[in-house]
Amino acid sequence: MKYKDYYSIFGIARNASAAEIKAAYRKLAHKYHPDVSKEPDAEEKFKEISEAYKTLKDPEKRAAYDQLGRYQSGQEFKPPPDWQQQYSETHFSFDDIDLSDLFAGLRGKQQHTKRDSRKIPIPGQDYEVTVHISLEEAYSGAEVELDLNMPEYDENGFARRVPHTFKTRIPKGATDGQRLRVPGKGGKGFNGGPPGDLYINIVLRPHSLYRPSGHDLYLDLPVAPWEAVLGATIEVPTPGGSVRLKIPAGTHAGQHLRLPKRGLPKPHTGEGDLFAIVQIAVPSVISERERQLYKQLAEGSAFNPRGHFEQEGHHES
Amino acid sequence: MKVELTEVRWLDQHYQLSLADLSALSGLPKADLLELVDYGIFVPIDPKAAEQAFHADCLVAARTACRLRRDFDLDTQGLALALTLLERIHELEAQLSDLRARVPGHPR
């Protein structure tokens, strides 16, 4: 079993008062609670804080924790020989148990005996997991394999982390921020309690071409200056395959060309749209002949893209 | 090792949950859920129905409410305020994400 220093997590002394422990918890909980925090490691941090607080706020558990001895965080250790007899009537091996599970199951001798004799059904814990999928997977649906360490009760009612692997089907149309529920795939119950549920939070990985907004997609569409002026029919990639798109003559940079129903499928029916945003691409290297043609164009054209500057200047003077 | 395939359920407006289901799945007592209905946090599909039902996406907010209540010792009024502000943050994030998607050359 690996040691965790609950006091150093809170940055408090080992003889800190209950009020100091509560104050330290509140401060860190506000910073790292996964429902309100944007810190990148908020979930892991909050688990750590929550685990430490559950043990230290309970005088009996805190005394049991203090009696474990002092070690470095992460250091393998075994409790003193009489520790188990003193704090639990149930005998178990310390080898494959996590410190948090040990204290979660530790309810003092009296409470523990009472719970066992009554055989109260305890439901399994719910579990949340973030699944990253590609845009292509959101478009077509995907099977993902999940490797999870689920909390599970042993025959004595102690929770242990048990590795579980199962496949689940992410249905097409599940896009960024979509929540899905997998009934009965959380932790197993105890004494006949029902299993918990698994909750999946979908996160879409960035794509090199498309930027999603809900089920709509945005795509930068570079066109040559002459294609924008004269109009053209060009091939545009979409998640469902390339389509031919007519660029009208006189198309401006920044114009949104809508391709209906070419975005991501919606969960039950329909599809989002794809918007191609026109960008006038200018060649950085040109041949001598191209230079001559551009010069001819410059000399022969009356087009003034900054005409409105001059009009604005006249108004001001 | 045997790897079984399991199906998922959508948490969206296409599916409904009864008040009892919402309470059982979120861990939030029915009385608290009804108080949050009074605050306008959860809106029943038919407020006049004898047995209230909710869109399944309410479960996401109800689970958040349960966690916030447990971890911060919030009363229902504080909980309602926190949930309202979180909802506004989610709406603003969605708007920001939409605007970013519309900006050419902007990484997602």
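The text that follows walks through the structure, step by step, so that each part is easy to find. (Residues numbered from 1 in each chain as written. Chains lettered and ligands numbered in written order. Predicted model: local features only at pLDDT ≥ 70, side-chain atom pairs only at ≥ 80, totals over all residues. Heavy atoms only, no water.)

1. Description of the pattern of salt bridges
- All told, the structure shown has 19 salt bridges over all chains when counted by the stated rule.
- Residue D197(A) pairs with R181(A) through a salt bridge whose shortest N-O separation is 3.0 Å. Residue D197(A) is located in the loop between β4 (179-182) and β5 (198-204), and its partner R181(A) is located in strand β4; the two are separated by 16 residues in the primary sequence. Pair check on accessibility: D197(A) and R181(A) agree, each one buried.
- Each of the salt bridges in this network shares a partner with another, and the network as a whole consists of D35(A), D126(A), E128(A), R63(B) and R67(B). (Salt bridge = Lys/Arg side-chain N within 4 Å of Asp/Glu carboxyl O. Helix = DSSP H or I, 4+ residues; strand = E, 2+ residues; numbered from the N terminus. Buried < 20%, exposed > 50% of the residue type's maximum accessible area, 1.4 Å probe, protein only.)

2. Some remarks on the sheet that holds strand β3 (residues 159-170) of chain A
- Sheet architecture is open: 3 strands sit in the order β2(A)-β3(A)-β1(B), paired in mixed fashion. In this open sheet, the two strands that pair with only one neighbour each are β2 (142-153) of chain A together with β1 (5-6) of chain B.
- Bridge count for β3(A) against β1(B) is 2 bridges, and the pairing is parallel. When the bridges of β1(B) are listed, T168(A) appears paired with T6(B). (Pairing = 2+ DSSP bridges.)

3. Points about the packing of helix α1 (residues 19-26) of chain B against helix α2 (residues 30-38) of chain B
Residue and element names in this part refer to chain B.
- Remark: α1 packs on α2, axes separated minimally by 9 Å, with the N-to-C direction vectors making an angle of 115 degrees. Here α1 is positioned roughly perpendicular relative to α2, judged by the angle of their axes. For α1 against α2, the interelement crossing comes out right-handed. Along the contact surface, α1 presents L19, A20, L22 and S23, while α2 presents K30, L33 and L34. (Axes fitted to C-alpha atoms, helices over the stretch in contact; angles between N-to-C directions. Parallel < 35°, antiparallel > 145°, perpendicular 65-115°, else oblique. Left-handed = near helix turned anticlockwise from the far one by under 90°. Contact = heavy atoms within 4.5 Å.)

4. Side note on the pairing of β3(A)
- Where β2(A) meets β3(A), 12 bridges bridge the pair, whose relative direction is antiparallel. Residue pairing across strands places E143(A) opposite R169(A), the latter belonging to β3(A).

5. Details of the nonpolar core
- Ranked by size, the top nonpolar core spans 52 residues in total, and within it F10(A), Y65(A), L99(A) and F103(A) carry the most contacts.
- When residues in this core are grouped by element, the largest group, 7 residues, is from helix α3 (residues 58-72) of chain B.
- Among residues more than four places away in sequence, those in contact with F10(A) are I21(A), A24(A), Y25(A), L28(A), I49(A), A52(A), Y53(A) and L56(A).
- Counting residues in each nonpolar core, the second largest holds 39 residues, with L146(A), I200(A), L219(A) and L245(A) among its members. (Core = buried A, V, L, I, M, F, W, Y, C linked by side-chain atoms within 4.5 Å.)

6. A few points about the packing of aromatic side chains
All names here are of chain A.
- Taken as a whole and assessed by the stated rule, the structure comprises 10 aromatic pairs over all chains.
- Taking 5.9 Å as the distance between ring centres and 15 degrees as the angle between the ring planes, the aromatic pair formed by Y3 and Y65 counts as stacked. Note that Y3 is positioned in the segment before α1 (6-10) and Y65 in helix α4 (residues 59-66), a separation of 62 residues in sequence.
- Given a relative accessible area of 0%, Y65 falls into the buried group.
- Between Y6 and Y65, the aromatic rings sit 4.6 Å apart at their centres with planes inclined by 20 degrees, giving stacked as the arrangement. Taken together, the positions of Y6 in helix α1 and Y65 in helix α4 put the pair 59 residues apart, joining distant regions of the chain. (Phe/Tyr/Trp six-rings, centres within 6.5 Å; stacked < 30°, edge-to-face > 60°.)

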